[in-house]
Amino acid sequence: MRTQTLCAAPEDVARAGKILRAGGVVAIPTETVYGLAANALDPAAVKKIFAAKGRPADNPLIVHITRLEQWPPLVEELPPAALALAEAFWPGPLTIILKKSGIIPMETSGGLDTVGVRCPAHPLARAVIEAAGVPLAAPSANRSGEPSPTDFVHTLGGLRGRVDAVLDGGDCPVGVESTVLSLAGDTPRLLRPGGVTVEDLRQVLGRVEVDPAVTAMLAPGRQAASPGMKYKHYAPKAQLIVVDGSPEDYTAWVNGWAGALSAGQRAFAAEALGPRYPLDELPGRVAALCFDETAPELRVPAVAYGPRYGRGEQARRLFSALYRLDEEGADLVFAQRPSPAGVGLAVYNRLLRAAAFRVKRLSGPLVIGLVGPSGAGKSTVGQALARQGFGVIDCDRLTRSEKVYGPACIAQLQVAFGEDIAPGGRLDRRRLAERAFTDASAAKRLGEITFPWIERAVRAEIARLGAQGGPVVLDAPTLFESGLDSVCARILAVTAPEEERLRRIILRDGLTEAQARQRLSAQKPAQFYAERADLAVANGPGAEAAAQAVAAAEEWKKGG
Ligand code: TXA
Ligand code: MG
């Protein structure tokens, strides 16, 4: 079959419409990933999708529409919840599953009595649906099992000669497939995480269950709620292993492979991966799939898929990064574990599937960074964690202690700020503060001198508490600014409404309201912390936040 390449020009969109009306298949861009489209109501056309992709016939297709009035004929009934979701998130990356009507062929629904419908936001996808004049069934435009393509080159690369046309719409802005939510059961159920997050859905629906298959392998014999979940998926040709650990530990561990493999050390590989991951043969080319910040530190070939805290960008870049790894000829890939918060859950879910659920948890103590704006109640949460047996490092307290201001540190400070800040070797904190906080450059100098000592003290504490086994909580107001977030495998943020924080710091630190307001205005907004956290707990009047934090930390300890 000759595959035409089309562009965004109106005559090409019209041509795509004509091909589709005539029962052909056309790959089109959407805001999530490229889709392989055919007339959803024509069994013969739909069969061509399955053939082109090599897709198992029991894996149902999503039906794409552009206008709400196209929806009722496709389903048995439209409950109010479905309409509320459409109102909130359409057009956009959300697929809603309901009982299907008789006009949806069994080929489209993979033999199920339900159908997933989505109203895409991408202008070209919409234009093609309009031009076709029929609802379009469109799975992701990859060959079955491979990563979904998010650009024209990879779409064409996989389907040339197998479909009637591929339409070039540039790169897909979301980068992971739509969120799939089933309203066909008693409780709304998330079957696949995507661009619309669970938090977003809960805002509209209240209760939403997350199907266990989103983050765990299906138990043998258990039926998948979404047939797509039972297949290994999104996989590059290389074996992929998700590596869970702090950026620092990840870097050290991955770099350990650099020399070992060139020396052909099978024993090293076996030891590093542990008994759960036997290797059939020694991998020739090890590569890393990592965050932007980590890539320069690595001594194996690295493909970056976004900044550590840039979850939207990770989603956008993930699939093209998986294709890149194949192009580089990697055999064994270590993927740096993304945070599964917000849209990160979609990124994590795709990586887990690409890795067939192989996750390597690095040894060494799990360090949890505890962050949040002042007055949010971070120390209350820290205390609750300490009561639960977690080792908690209070960086503020540590910073004021002898562990930081030892003789060597004091000597450096004397050179910078005058002998008399420590008469007879005993630090006069008041005098040091007077000298160091006169201007910005003096304060900066103080930071430059003390920070390495603080860092050394923190590391010593981590080693000491870590040796006792349990996770270590690092309560550090300037975790990100200091770079100490690189020793943390998880980040927990505590936030509270501004007025509540104001009240607390007035009470706690004896400030006037004006002083307290000024202190708060100099701080980073709660969102800064929430965006970086694996979990952000909102600290209200009750003890709920502390309980939530303890539950999360317990979960992380177990490897969650
Ligand atoms: O973003 C997207 O959704 C893209 C673009 C092209 O729209 N499409 C897409 O389709 O990702 P596909 O077929 O690659 O993934 C659909 C997933 C599969 O895992 C499938 O099993 C599940 O949704 N699914 C579809 N209809 C379903 C149904 N009626 N019940 C349960 N799961 C369903
Ligand atoms: Mg797919």
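Since this is a predicted model, take the numbers as computed values, not measurements.

Student: Honestly, the overall build of the chain in this entry has me stumped. Any pointers?
Tutor: When helices and strands are tallied, the chain shows 21 helices and 21 strands. When each of the 560 residues of the chain is scored for burial, the buried share is 53%. In the chain, once contacts between residues fewer than 6 apart in sequence are set aside, the share between residues at least 24 apart is 69%. About 24,200 Å² of surface is accessible on the chain, with carbon and sulfur atoms providing 53% of the total. Each charge sign in the chain was given a centre, from 65 positive and 61 negative side chains, and these centres are 3 Å apart.

Student: Would you take a moment to explain the pairing of strand S10 (residues 189-192) for this structure?
Tutor: Looking along a regular strand, one sees the side chains alternate between the two faces of the sheet. Across three bridges, the pairing between strand S9 (residues 179-182) and S10 is antiparallel. Counted as the bridge partner of Val180 is Arg192 from S10. Once S9 ends, the chain turns through six residues before running back antiparallel as S10. For S10 and strand S11 (residues 209-210), the ladder comprises two bridges, and the chain directions are parallel. Within the sheet, the bridge partner assigned to Arg189 lies in S11 and is Glu209. As a crossover connection, the stretch from S10 through helix H7 (residues 198-205) into S11 is right-handed.

Student: Before we go on, may I ask you to explain the packing of aromatic side chains in this structure?
Tutor: For any pair of aromatic rings, geometry is given as the distance between the ring centres together with the angle between the planes. Evaluated as defined, the whole model comprises nine aromatic pairs. Each ring, one from Tyr309 and one from Phe480, has its centre 5.5 Å from the other, and the planes form 90 degrees; the classification is edge-to-face. Placement of Tyr309 in the loop between strand S14 (302-304) and helix H10 (311-327) and of Phe480 in helix H17 (residues 479-482) is noted, with a sequence separation of 171 residues between them. Overall, the relative accessible area of 13% leaves Phe480 in the buried class. Among the aromatic residues, those joined into a ring-pair cluster are Tyr309, Phe480, Phe528 and Tyr529. Above the plane of the ring of Tyr348 lies Arg337, whose end atom (NZ or CZ) is 4.9 Å from the centre. The ring of Phe528 has Arg532 sitting right over it, with the charged end atom 3.8 Å from the ring centre.

Student: What am I meant to see in the site of ligand 1 here?
Tutor: Around ligand 1, the structure places 26 residues, and the nearest of them are Thr32, Arg55, Asn59, His64 and Ser178. Contact distances for ligand 1 include 3.0 Å between an oxygen atom and a side-chain N or O atom of Arg118. Coverage of ligand 1 by the protein chains reaches 97% of its 670 Å² of free accessible surface. In terms of residue class, the shell around ligand 1 is made up of twelve nonpolar, ten polar and four charged.

Student: Explain the pairing of strand S18 (residues 391-394) here, please?
Tutor: In S18, alternate side chains face the same way, and those of Gly391 and Ile393 are buried while those of Val392 and Asp394 on the opposite face are not. Sheet topology note: the S18/strand S19 (residues 472-475) ladder contains four bridges and is parallel. Note that in S19 the partner of Asp394 across the bridge is Asp475.

Student: For this particular structure, what's the right way to read the packing of helix H1 (residues 10-21) against helix H5 (residues 123-132)?
Tutor: To characterise two packed helices, one gives the angle between the axes of the helices and the distance between these axes. For the pair H1 and H5, the least separation of the axes is 8 Å and the interaxial angle reads 50 degrees. Classified by the angle their axes make, H1 and H5 are oblique. Read as a crossing pair, H1 and H5 show a hand that is right-handed. When H1 is examined against H5, the residues Val13, Ala16, Gly17, Leu20 and Arg21 are found in contact with a partner set consisting of Leu124, Ala127, Val128, Ala131 and Ala132. Residue composition of the contact of H1 with H5, by class: eight nonpolar, one polar and one charged.

Student: Where do I start with the packing of helix H18 (residues 498-509) against helix H19 (residues 513-521) in this structure?
Tutor: For the pair H18 and H19, the least separation of the axes is 9 Å and the interaxial angle reads 120 degrees. With respect to H19, the axis of H18 lies oblique. Crossing of H18 against H19: the hand is right-handed. Between H18 and H19, the residues in contact are Glu498, Glu499, Arg501, Leu502, Ile505, Ile506, Arg508 and Asp509 and Glu513, Ala516, Arg517, Arg519 and Leu520, respectively. Residues of the contact of H18 with H19, tallied by class, amount to five nonpolar, no polar and eight charged.

Student: What's the story with helix H2 (residues 43-53) in this structure? I'm lost.
Tutor: Because each turn of an α-helix spans 3.6 residues, side chains separated by three or four positions end up pointing in the same direction. Those residues of H2 that fall on the buried side of the exposure criterion are Ala45, Val46, Ile49, Phe50, Ala52 and Lys53. In this structure, the buried residues of H2 make contact with strand S3 (35-39), helix H4 (106-109), strand S7 (136-137) and helix H6 (152-159). Two or three places before Ala44, at the start of H2, stands the capping residue Asp42, its side-chain oxygen 3.0 Å from that residue's backbone nitrogen. Just downstream of H2 lies Gly54, where phi reads positive at about 70 degrees.

Student: It is not clear to me how the sheet that holds strand S6 (residues 114-118) should be interpreted in this structure. Could you clarify?
Tutor: Backbone hydrogen bonds hold the strands of a sheet together, and the pairing may be parallel or antiparallel. One open sheet accounts for eleven strands, arranged S1-S8-S2-S3-S7-S4-S6-S5-S9-S10-S11; its pairing is mixed. The open sheet has two free edges, formed respectively by strand S1 (4-6) and S11, since each of these has just one partner strand. Lying over the sheet, H1 contacts S1, strand S2 (26-28), S3, S7 and strand S8 (165-167), oriented at roughly 135 degrees with respect to S1.

Student: Sorry, what's going on with the pattern of salt bridges here?
Tutor: Between side chains of opposite charge, pairing is possible as soon as their charged atoms come close. Scanning all chains against the criterion turns up 34 salt bridges. A salt bridge links Glu448 to Arg445; the shortest N-O distance between them is 3.2 Å. You can see Glu448 and its partner Arg445 sitting in helix H16 (residues 440-466), three residues apart, about one turn around the helix. Classification of Glu448 as partly exposed rests on a relative accessible area of 42%.

Rules and cut-offs
- Residues numbered from 1 in each chain as written.
- Chains lettered and ligands numbered in written order.
- Predicted model: local features only at pLDDT ≥ 70, side-chain atom pairs only at ≥ 80, totals over all residues.
- Heavy atoms only, no water.
- Helix = DSSP H or I, 4+ residues; strand = E, 2+ residues; numbered from the N terminus.
- Buried < 20%, exposed > 50% of the residue type's maximum accessible area, 1.4 Å probe, protein only.
- Contact = heavy atoms within 4.5 Å.
- Areas by Shrake-Rupley, 256 points an atom, 1.4 Å probe, with all protein chains shown as cover.
- Lys, Arg positive; Asp, Glu negative; His and termini not counted.
- Charge placed at Lys NZ, Arg CZ, Asp CG, Glu CD.
- Pairing = 2+ DSSP bridges.
- Right-handed = clockwise from strand over helix to strand, strands pointing away.
- Phe/Tyr/Trp six-rings, centres within 6.5 Å; stacked < 30°, edge-to-face > 60°.
- Lys NZ or Arg CZ within 6 Å of the ring centre and 35° of its normal.
- Near = heavy atom within 4 Å.
- Polar contact = N/O pair within 3.5 Å; in protein donor to acceptor, adjacent residues only side chain to side chain.
- Nonpolar A, V, L, I, M, F, W, Y, C, P; charged D, E, K, R; others polar.
- Axes fitted to C-alpha atoms, helices over the stretch in contact; angles between N-to-C directions.
- Parallel < 35°, antiparallel > 145°, perpendicular 65-115°, else oblique.
- Left-handed = near helix turned anticlockwise from the far one by under 90°.
- Salt bridge = Lys/Arg side-chain N within 4 Å of Asp/Glu carboxyl O.

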